[in-house]
Amino acid sequence: MDNLKLALSSVATVCFLLWARREYSERKISSIPAVGASGIWAYYTGGWRYLFRAPEMVEEGCRKYRGRVFRVPRLFRWDFIISGSTLVQEAVTAPENVLSLAAANRDSLQIDLTMGPDISRNPFHIDAVRTKVTRNLSRCFPGIRDEISSAFDELLALDENDGKLVTVLPLMMQVAARTTNHLFVGLPICRNQDYLNLVVQYTIDVALRAQLISLLPSFLQPILGPFISSRNQSIRQGIKHLGPLIEYRIEQEKQHGPDWPGKPNDYISWLLESVDVLDEKTVSALVSRILATNMAAIHTTSSVFTYALFDLTAYPTYVTALRQEAEQAVEEFGWTKTALNKMHKIDSFLRESQRMHDNGPVAMSRQVLDPMGFKFSDESVIPYGSILNIASRAEHFSPANYDHPDVFDGFRFSKKREDREHTSGGGLFNQHMISTGVDHLAFGHKLHACPGRFLAATELKAMLAHLVVHYDLRAEIEGVRPPDDVFGIVIVPNRRGKLWFRKRQY
Ligand code: HEM
Ligand SMILES: *[C@@H]1O[C@H](CO)[C@@H](O)[C@H](O)[C@H]1NC(C)=O
Ligand SMILES: *[C@@H]1O[C@H](CO)[C@@H](O)[C@H](O)[C@H]1NC(C)=O
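For the protein chain, the name recorded in an unreviewed UniProt entry is Cytochrome P450, with Mycena albidolilacea as its organism.

A. Up close: the pairing of strand β1 (residues 69-74). The buried fraction of β1 is high, at five of six residues. Across six bridges, β1 lies against strand β2 (residues 77-82) in antiparallel orientation. Among the inter-strand pairings, Arg 74 is bridged to a residue of β2, identified as Arg 77. Where β1 folds back on β2, the antiparallel hairpin that results is connected by two residues, among which Phe 76 adopts a positive phi of roughly 70 degrees.

B. Looking closely at the side chain of Asp 485. Along the chain, Asp 485 turns up in strand β10 (residues 485-487). Residue class for Asp 485 comes out buried when judged on its relative accessible area of 9%. Side-chain polar atoms of Asp 485 contact the side chain of Arg 495, separated by 2.8 Å. Here the side chain of Asp 485 touches Arg 496 through a polar contact of 3.4 Å, side chain to side chain. Discounting residues that sit within four places of it in the chain, Asp 485 has contacts with Val 490, Ile 491, Val 492, Pro 493, Asn 494, Arg 495 and Arg 496.

C. Up close: the site of ligand 1. Taken together, 23 residues form the shell around ligand 1, and within it Leu 101, Ala 297, Arg 366, His 448 and Cys 450 come nearest. Contacts to ligand 1 include Arg 366, whose side-chain N or O atom sits 2.5 Å from an oxygen atom. Within the side chain of His 448, a nitrogen or oxygen atom sits 2.7 Å from an oxygen atom of ligand 1. At the level of elements, α7 (124-135), α14 (283-314), β5 (363-368) and α20 (453-470) are the ones that each hand at least two residues to the shell around ligand 1. A per-element tally of the shell around ligand 1 places α14 first, with six residues. Counted by class, the shell around ligand 1 contains 15 nonpolar, seven polar and one charged residues.

D. Focus on the environment of Ile 491. When you line up the elements, Ile 491 lands in strand β11 (residues 490-492). As for Ile 491 and Ile 235, which are separated by 256 residues in sequence, their C-alpha atoms are 28 Å apart. When sequence neighbours within four positions are dropped, the list of residues in contact with Ile 491 reads Pro 55, Tyr 307, Asp 358, Asn 359, Gly 360, Pro 361, Arg 393, Asp 484, Asp 485 and Val 486.

E. Here's a closer look at the site of ligand 3. Within the structure, ligand 3 sits among Lys 132, Arg 135, Asn 136, Arg 139, Pro 264, Asn 265, Trp 270 and Glu 273. A distance of 2.4 Å separates an oxygen atom of ligand 3 from a polar atom in the side chain of Asn 265. Between ligand 3 and Glu 273 there is a distance of 3.0 Å, counted from an oxygen atom to a side-chain nitrogen or oxygen. The protein chains hide 71% of the 350 Å² of surface that ligand 3 would expose on its own. Counting only elements with at least two residues in the shell around ligand 3, the list comes to α7 and α13 (267-274). A breakdown of the residues in the shell around ligand 3 according to their chemical character gives two nonpolar, two polar and four charged.

Basis of the calculations
- Residues numbered from 1 in each chain as written.
- Chains lettered and ligands numbered in written order.
- Predicted model: local features only at pLDDT ≥ 70, side-chain atom pairs only at ≥ 80, totals over all residues.
- Heavy atoms only, no water.
- Buried < 20%, exposed > 50% of the residue type's maximum accessible area, 1.4 Å probe, protein only.
- Helix = DSSP H or I, 4+ residues; strand = E, 2+ residues; numbered from the N terminus.
- Pairing = 2+ DSSP bridges.
- Polar contact = N/O pair within 3.5 Å; in protein donor to acceptor, adjacent residues only side chain to side chain.
- Contact = heavy atoms within 4.5 Å.
- Near = heavy atom within 4 Å.
- Nonpolar A, V, L, I, M, F, W, Y, C, P; charged D, E, K, R; others polar.
- Areas by Shrake-Rupley, 256 points an atom, 1.4 Å probe, with all protein chains shown as cover.

In structure tokens, the structure reads:
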């Protein structure tokens, strides 16, 4: 009997403490409007609703609370979402120790367990992308161009006259993986199918297993997490392909110094130049950086390109102008980075496609690390530890930012550039594919703006130019754009969406 009493009173105490803690945190954020009502039950049912109807709930929040902070219920917590130039600007310029990208990723991707703690603790691979990759793009462009051309040749395997109905996204994964890895690890590994499967699958392994680990109570995560994570297995497979190559590079450097004769111009070399601590100059540490960079690069690039081809075939009238522009530039400058720089229409078309199609209505997660919380200029405070997201889609479709935001206008940005050149003779430098702004968040903005976007834009423009010059593309069903796939808050291009490809008939 006494035991029963004790048990009941313990349960009551725990319930009271949980309730009190919620009440306390609820009061602090009560001035911030909630989507899906904020009563105690709505908090839990809303959390379930958010799992299945997140895009609609974000849209509802942005409609009702435009330019403000609002919150959405997750299971057992609130997440915060902002829209409007003023708040977005404040969030993207807040320092990392106040609003942290690394902490938000550590949380959502369980990075310590799935990718290794060093990835976020010492992100030297990001510096290597930002500086060395970007600055070597012109020099390395011939390899990129060659890989794109041979990848489409081999993967499409078209006869001279026959068309083929091809599932677009998996094809573009392969093309992006080959092209990116031509720059990262070079031939012949960038064409090894087993290696390509590894770098494509890695992203999925990390994301799915992170979800599983997140379902565990936090005290079990470090105990069971390592067995759920595929980290060791992925590193082992990576070493199988890259081990001898990286060992050779480290050995040459030891013998002949950092600028040894014949040192290749690739990401492995740039990583080795950027490592600042000795215990990271190992095969497994470098393999883990190469996998992490692939994770940032491949699904993003292939998703953008798939969306762009769905747009191109939904609005086929753009083809002629894009083709002419590419042919003219190539005739004058050959297949070079300089030629790409002349392709304003192709640049604009891709940027417009990125504006209208994304991987979900929110992006750019941050965790509040300031113990005082994060205070916006409108006085709203979001508490320590919570997650903030930016409603990037709302900015991309805001009439305050764009005329007729719901209309696909492939030359929206190239027209602005040309108008400026005619009226003032100067260029307009905030309308390029790689330009970021509070009105264009596809690559983020300010502090953490994607350091790989120069590479991504180079690959994407070269891929689109190559396709329009050498192929005819057609929608599977005329006028029908394959609908996006939705997984909770994540949206991806239709994975089964198909297009007709045919070699261009001259
Ligand atoms: C079309 C392709 C791509 C898109 C749409 C894209 C988009 C983004 C976005 C939205 C962010 C986060 C910004 C934020 O949270 O504030 C980001 C960050 C990042 N991206 Fe990309 N990205 C692409 C390609 C690439 C490529 C090719 C690489 C590497 C070569 C890369 C490397 C990174 C890295 C390392 C970060 C983290 C930056 C940081 O922590 O400061 N991305 N990217
Ligand atoms: C993964 O590898 C590390 C280092 O080699 C090892 O200490 C750890 O036990 C491995 N984890 C699992 C789950 O196999
Ligand atoms: C280009 O790559 C080389 C090594 O391959 C590197 O030493 C150099 O720093 C890079 N260029 C720039 C401008 O970063």
